[in-house]
Amino acid sequence: MDWTLDEQARRYYYYDDDTNETVYDDGRRFEGVRSDMEWGRAILLDAPYDIHEHPTGLFPERADEFSTSFPSEPLDEARYKFVRNLGEGTQATVGEYKDGKEALAIKTYQFQSSTNELYHNIQREIEIMGRLSRHEEAHDYMVSLIRWHKDPEKHEIKLVMSPVAEGSLCDLLLRQFDETTEVIGEQFLLNAIGNLAQGLAFIHLSSIRHKDINTQNVLIHEGRAIYADFGTSLIFNCLISPTGASFNPTESTLYENAYAAPEIVDGAPRSTKSDVFSLGCASLVR
């Protein structure tokens, strides 16, 4: 039985050859074939929706409230002391803060309502980082989520993370290109690529695809290269698709072509192998 996603109805359906009917997952049946939706055939859908179990794997469905398994904590504004700005993007700002003597990175999102796309993207990012951060080995490979806070009055969500990196791989490359002396040594490069490869294996074994590996999303901390920014990552059901295979013909517009695998640029099905390709591109620094 092959399930297909009806993008408009947000429901999966399959065609029953015996009855010549299109059968939806909510039990509705219609005579004939929905061939116009063949492009949406997928086990998993890369989309900013809450993740629920479904016969085909993960079923996307919007919700008004966070359903993450990583609960929030009440926000105490006086707890964190601002140190410096680390970066600013179109959707969030990141700053270094002190919690007592502990240095932390806090990523602050501002959202308009609990029904907009950004809100659900944040929810997915928290769920993914929370799942990974529960494992002790995660701290060797990625920025970990310590806790998160939601401020409904300010329409803000704060992700408290550790460690605070010295910079990104992109920053390091720019220094290498600007300076005459060697900044990136051979041993550092070998260690960095090895750690990133092991980290990606850990992420994939946790049934997660990063989906946005590039030199800006690889941070350098105490000589180690670690992953950051899981804002577009995907949880997949390894029992249904061991490689996290998915199909979203519009997804290629979200990626930097310099790091995107050919199947993403072509709008074809992609999987964990697409992450491996992106890591290879990010590793071509010499």
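Small disclaimer: the values here were computed from a predicted structure and weren't measured.

Rules used throughout
Residues numbered from 1 in each chain as written. Predicted model: local features only at pLDDT ≥ 70, side-chain atom pairs only at ≥ 80, totals over all residues. Heavy atoms only, no water. Phe/Tyr/Trp six-rings, centres within 6.5 Å; stacked < 30°, edge-to-face > 60°. Helix = DSSP H or I, 4+ residues; strand = E, 2+ residues; numbered from the N terminus. Buried < 20%, exposed > 50% of the residue type's maximum accessible area, 1.4 Å probe, protein only. Pairing = 2+ DSSP bridges. Expected span 1.5 Å × (residues − 1). Axes fitted to C-alpha atoms, helices over the stretch in contact; angles between N-to-C directions. Salt bridge = Lys/Arg side-chain N within 4 Å of Asp/Glu carboxyl O. Parallel < 35°, antiparallel > 145°, perpendicular 65-115°, else oblique. Left-handed = near helix turned anticlockwise from the far one by under 90°. Contact = heavy atoms within 4.5 Å. Nonpolar A, V, L, I, M, F, W, Y, C, P; charged D, E, K, R; others polar.

**Topic: the packing of aromatic side chains**
Line of reasoning, step 1. For the structure on display, the rule yields three aromatic pairs.
Line of reasoning, step 2. Both rings, one in Tyr 141 and one in Phe 202, keep their centres 5.9 Å apart while their planes meet at 40 degrees; by these two values the pair is tilted. Note that Tyr 141 is positioned in the loop between α1 (117-133) and β10 (144-151) and Phe 202 in helix α3 (residues 186-205), a separation of 61 residues in sequence.
Line of reasoning, step 3. Its relative accessible area of 13% is what places Tyr 141 among the buried residues.
Line of reasoning, step 4. You can call Phe 202 buried: its relative accessible area is 6%.

**Some thoughts on the pairing of strand β14 (residues 218-221)**
Successive side chains on a regular strand alternate, one facing one side of the sheet and the next facing the other.
Line of reasoning, step 1. Side chains Val 218 and Ile 220 project from β14 onto one buried face, and the interleaved Leu 219 and His 221 project onto a second face that is buried too.
Line of reasoning, step 2. Sheet topology places strand β12 (residues 167-168) next to β14; two bridges connect them, and they run antiparallel. Bridged to Gly 167 within β14 is Ile 220.
Line of reasoning, step 3. In this structure, β14 lies alongside strand β15 (residues 224-227), joined through four bridges in antiparallel fashion. From the neighbouring strand, Leu 219 faces β15, where its bridge partner is Ile 226.
Line of reasoning, step 4. Linking β14 back to β15 in an antiparallel pair, the connection comprises two residues, with Glu 222 at a positive phi of about 50 degrees.

**What to know about α1**
Line of reasoning, step 1. The terminal C-alpha atoms of α1, which comprises 17 residues, lie 24 Å apart, in line with the 24 Å expected from a rise of 1.5 Å per residue.
Line of reasoning, step 2. Judged by how many residues are buried, α1 sits mostly within the fold: 15 of 17 residues are covered.

**Some remarks on the environment of Ser 283**
Line of reasoning, step 1. Its place among the elements puts Ser 283 in helix α5 (residues 272-283).
Line of reasoning, step 2. Judged by relative accessible area, which is 17%, Ser 283 ranks as buried.
Line of reasoning, step 3. Residues Ser 283 and Ile 193, 90 residues apart in the sequence, show an inter-C-alpha distance of 6.6 Å.

**Observations regarding the sheet that holds strand β11 (residues 156-162)**
Line of reasoning, step 1. One open sheet holds the five strands; their spatial order is β7-β8-β9-β11-β10, and the pairing between them is antiparallel. Strand pairing shows two members of the sheet lacking a second neighbour, β7 (81-88) and β10, which therefore form its edges. Put simply, the sheet's adjacent strands are angled 25 degrees from each other on average, direction ignored.
Line of reasoning, step 2. Looking at chain direction, β7 and strand β8 (residues 92-99) are connected through six bridges and run antiparallel. Along β8, the bridge assignment pairs Arg 84 with Glu 96.

**Regarding the pattern of salt bridges**
Line of reasoning, step 1. Tallied over the full model, the rule gives nine salt bridges.
Line of reasoning, step 2. Residues Arg 79 and Asp 99 are paired through a salt bridge, measuring 3.1 Å at the closest nitrogen-oxygen approach. Within this pair, whereas Arg 79 is found in the loop between β6 (57-61) and β7, its partner Asp 99 is found in strand β8, the two being separated by 20 residues in sequence.
Line of reasoning, step 3. Two residues, Arg 131 and Glu 127, come together in a salt bridge whose shortest N-O distance is 2.8 Å. Here the residue Arg 131 and the residue Glu 127 both occupy positions in helix α1, the gap between them amounting to four residues, near one helical turn.
Line of reasoning, step 4. In this structure Arg 131 comes out as partly exposed when scored by relative accessible area, which is 36%.
Line of reasoning, step 5. One network of salt bridges, with partners in common, ties together Glu 73, Arg 79, Asp 99 and Arg 147.

**Brief notes about the packing of α3 against α5**
Line of reasoning, step 1. At a minimum axis distance of 11 Å, the contact between α3 and α5 shows a crossing angle of 165 degrees. In terms of axis orientation, α3 runs roughly antiparallel to α5. In this structure, the crossing between α3 and α5 has a hand that is right-handed. Along its contact with α3, which presents Ile 193, Leu 196, Ala 197, Leu 200 and His 204, the element α5 presents Thr 272, Asp 275, Val 276, Leu 279 and Ser 283.
Line of reasoning, step 2. Of the residues belonging to the contact of α3 with α5, the class tally is six nonpolar, three polar and one charged.

**A look at unusual backbone geometry**
Line of reasoning, step 1. The residue after Ser 162, namely Pro 163, is reached through a cis peptide bond having omega 5 degrees.
Line of reasoning, step 2. Inspection of the secondary structure assignment puts Pro 163 in the loop between β11 and β12.
Line of reasoning, step 3. Backbone geometry at Lys 211 places phi at a positive 75 degrees, although glycine is not the residue there.
Line of reasoning, step 4. With respect to the element layout, Lys 211 can be found in the loop between β13 (208-209) and β14.
Line of reasoning, step 5. Not every positive phi belongs to a glycine, and Asp 229 is a case in point at roughly 60 degrees.
Line of reasoning, step 6. For Asp 229, the location among the structural elements is in the loop between β15 and β16 (234-235).

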